[in-house]
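Residue-level listing of the chains:
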Amino acid sequence: MNHDKKLRRAQRWAIYKRSPASLALRLVCLLACIITLSVLAFLIGYILIKGVPNLQPSLFAWEYTSENVSLMPAMVNTLIMTALALVIAVPLGVGAAIWLVEYARRGSRLVKVVRLMAETLSGIPSIVYGLFGMLFFVTALKWKYSMMAGGFTVAIMILPLIIRTTEEALRSVPDSYREGSFGLGAGRLRTVWRIVLPAAMPGILSGVILAIGRVVGETAALIYTAGTVAEIPKSLMRSGRTLAVHMYVLSSEGLHINEAYGTAVVLLVVVAGINALSAFVAKKLAKGTE
């Protein structure tokens, strides 16, 4: 084993001697990696140092008051908003990607238009989505400031992301899987449902993880659609704030900065926990398809 490592190391250095540009590119990539990890470690460390000492039991009271500024209603609202957005966006996004890859004629003009629109939507700022949600869902449909309006707005935001990631996951499935299924007499629907989707599930779930992270961290679109009421709504047609909006409101008021840091720690833990759980599920699914 050590001999193989030494041999590979000697081969790499031989390549670097013949091509100094390769060594320079490797050093640049290594430097970029170190800077990225350093910035990430600094941000996480700063949040933990500032926030952990301010995690008081009053922050986790079930009801919000102006004294305890509890984050529990916002945490529950975050889970509700995430679930609502995924219920709306995931079936539409996965279905659209399946149509683009499996059913639509490759290279058709309609496919190009759909992909162009998806790429354009993914680059629109979230404040524009918030303005659209306020004008359409809140005002035109008269949903007012509600979890439903916020959920539909955020679902539209993450829809292009889910379409693109699902499309790439479906493309990564070898055509031999499809040909083998067709050769055994299975139809296209059964092939997609039983063969292609299970093989592409880890990639699809990766897109869902990215979508969850965007929903949990969204503020601009939800302020103009879901509102900032600090309580658990009794129905989806009532207003409520998420953890990110709660942290923004506390910091903008300037009266509860320490509690805002504590909320940032909880938000960081929630996002890390969701990503870890999703990665665990994706790994299990990947092993199941092997």
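You'll find the structure just up there.
Please read all numbers here as calculations on a predicted model, not as lab measurements.

I'm lost on the side chain of S181 in this one. Help?
Structurally, S181 can be placed in helix α7 (residues 175-183). Beyond its immediate sequence surroundings of up to four residues, S181 is in contact with A186, T191 and I195.

Mind showing me how you'd approach the nonpolar core here?
Grouped burial of nonpolar side chains is what soluble globular proteins tend to show. In this structure, I158, L170, L197 and L243 are the most contacted members of the largest nonpolar core, which totals 45 residues. Elements supplying a minimum of two residues to this core: α3 (72-103), α6 (147-171), α8 (188-217), α10 (243-253) and α11 (257-289). With residues near it in sequence (within four places) discarded, L197 still touches V94, I98, L170, V192 and I204.

Is there a simple way to think about the packing of aromatic side chains in this case?
Each pair of aromatic rings is reported with the distance of its centres and the angle of its planes. One pass over the full model with this rule turns up 8 aromatic pairs. Centre to centre, the rings of F136 and F137 are 5.0 Å apart; their planes meet at 75°, and the pair counts as edge-to-face. Among the aromatic side chains, those forming a connected cluster through ring pairs are F132, F136, F137, W143 and F152. Positioned above the aromatic ring of Y64 is the side chain of R241, whose terminal nitrogen or guanidinium carbon lies 5.5 Å from the ring centre.

Got a minute to help me understand unusual backbone geometry in this structure?
Leave glycine aside and you will find that most residues have negative phi; peptide bonds, for their part, are mostly trans. Positive phi, close to 40°, is recorded for V69, a residue that is not glycine. Here V69 is to be found in the loop between α2 (20-51) and α3. Of note in the backbone geometry, K144 takes a positive phi value of approximately 60° without being a glycine. Along the polypeptide, K144 turns up in the loop between α5 (126-140) and α6.

Can you help me understand the packing of helix α4 (residues 109-122) against α6 in this one?
For any two helices packed against each other, one specifies the crossing angle of their axes together with the interaxial distance. One can describe the packing of α4 onto α6 by two numbers: an axis separation of 8 Å at closest approach and a directional angle of 130°. Regarding the angle of α4 to α6, the classification is oblique. Two packed elements cross with a definite hand, and for α4 against α6 that hand is left-handed. Mapping the contact onto sequence places R115, A118, E119, L121 and S122 in α4 and P160, R164, E167 and R171 in α6.

Whenever I open this one, the packing of α5 against α6 confuses me. Can you help?
Interhelical geometry of α5 versus α6 gives an angle of 135° and a closest axis separation of 9 Å. Between α5 and α6, the interaxial angle falls into the category oblique. Crossing of α5 against α6: the hand is right-handed. Contacts between α5 and α6 pair S126, Y129, G130, F132, G133, F137 and V138 from the former with A149, F152, T153, I156 and M157 from the latter. When grouped by side-chain class, the residues that make up the contact of α5 with α6 number 8 nonpolar, 4 polar and no charged.

Just to check I follow, could you spell out α10 for this structure?
Because an α-helix completes one turn every 3.6 residues, residues spaced three or four positions apart along the sequence face the same direction. If you check which residues of α10 are buried, you get L243, A244, V245, H246, V249 and L250. Looking one or two residues past α10, G254 carries a phi angle of roughly 80°, positive in sign.

What exactly am I supposed to notice about the pattern of salt bridges here?
Close approach of charged atoms allows side chains with opposite charge to pair. Per the counting criterion, the structure on display carries 8 salt bridges. The salt bridge involving R164 is made with E119; its shortest N-O contact spans 3.8 Å. You can see R164 sitting in helix α6 and its partner E119 sitting in helix α4, a full 45 residues away along the chain. Residue classification places E119 among the partly exposed residues on the basis of a relative accessible area of 44%. The residue E167 makes a salt bridge to R171 at a minimum N-O spacing of 3.4 Å. Of the two residues, E167 and R171 are both situated in helix α6; the distance of 4 residues between them amounts to about one turn of the helix. A residue is classified by how much of its surface remains accessible, and R171, at 44% relative accessible area, is partly exposed. Each of the salt bridges in this network shares a partner with another, and the network as a whole consists of R115, E119, R164, E167, E168 and R171.

Which parts of the structure should I look at to understand the environment of E168?
Secondary-structure assignment places E168 in helix α6. Overall, E168 belongs to the partly exposed group, its relative accessible area being 41%. Considering only alpha carbons, one finds E168 and A200, 32 residues apart in sequence, at a separation of 8.9 Å.

Can you help me understand the environment of G185 in this one?
Relative to the elements of secondary structure, G185 occurs in the loop between α7 and α8. As for G185 and E253, which are separated by 68 residues in sequence, their C-alpha atoms are 65 Å apart.

Hey, could you run me through a nonpolar patch on the surface in this one?
A surface patch of nonpolar side chains, amounting to about 550 Å² of accessible area, comprises L37, L40, I44, L48, V52, L55 and F60. Along the polypeptide, L37 turns up in helix α2.

Procedures and definitions
- Residue positions are given per chain, counting from 1 as you read along its sequence in written order.
- With the structure being a predicted model, the display of local features is reserved for residues of pLDDT at least 70 and the display and counting of side-chain atom pairs for 80 or more, all residues being used for whole-chain, interface and lining totals.
- Side-chain figures throughout are based on the complete set of non-hydrogen atoms in the structure, without hydrogens or water.
- Secondary structure elements follow DSSP: runs of H or I of four or more residues count as helices, runs of E of two or more count as strands, with numbering from the N terminus.
- Residues are treated as being in contact if the distance between any of their heavy atoms lies within 4.5 Å.
- Nine residue types can take part in a nonpolar core, namely buried Ala, Val, Leu, Ile, Met, Phe, Trp, Tyr and Cys, and a core is a set of them joined through side-chain atoms within 4.5 Å.
- For each residue, the accessible area found with a 1.4 Å probe, counting protein chains only, is set against the maximum for its type, and the residue is called buried under 20%, exposed over 50%, and partly exposed in between.
- Pairing of aromatic side chains here covers Phe, Tyr and the six-membered ring of Trp, requires ring centres within 6.5 Å, and sorts the geometry by plane angle: under 30 degrees stacked, over 60 edge-to-face, intermediate tilted.
- The criterion for a charge sitting over a ring is simple: Lys NZ or Arg CZ within 6 Å of the ring centre, and within 35 degrees of the ring normal.
- The axes are straight lines fitted to the C-alpha atoms, using for helices just the contacting stretch, and the angles between their N-to-C directions are given from 0 to 180°.
- Orientation categories follow fixed angle ranges, with anything under 35 degrees roughly parallel, anything over 145 roughly antiparallel, 65 to 115 roughly perpendicular, and all other angles oblique.
- Crossings are sorted by hand: turned counterclockwise from the far helix by less than a right angle, the near helix makes the crossing left-handed, and turned clockwise it makes it right-handed.
- All amino acids are sorted into three groups, where Ala, Val, Leu, Ile, Met, Phe, Trp, Tyr, Cys and Pro are nonpolar, Asp, Glu, Lys and Arg are charged, and the leftover types, Gly among them, are polar.
- We define a salt bridge as a contact between a side-chain nitrogen of Lys or Arg and a carboxyl oxygen of Asp or Glu at a distance within 4 Å.
- Put simply, a patch holds well-exposed residues, over 30% relative accessible area, that have no salt bridge, with like charges counted together within 9 Å and Val, Leu, Ile, Met, Phe, Trp or Tyr side chains within 5 Å.
- Note on areas: these come from Shrake-Rupley sampling with a 1.4 Å probe, and a residue is covered only by the protein chains present in the view.

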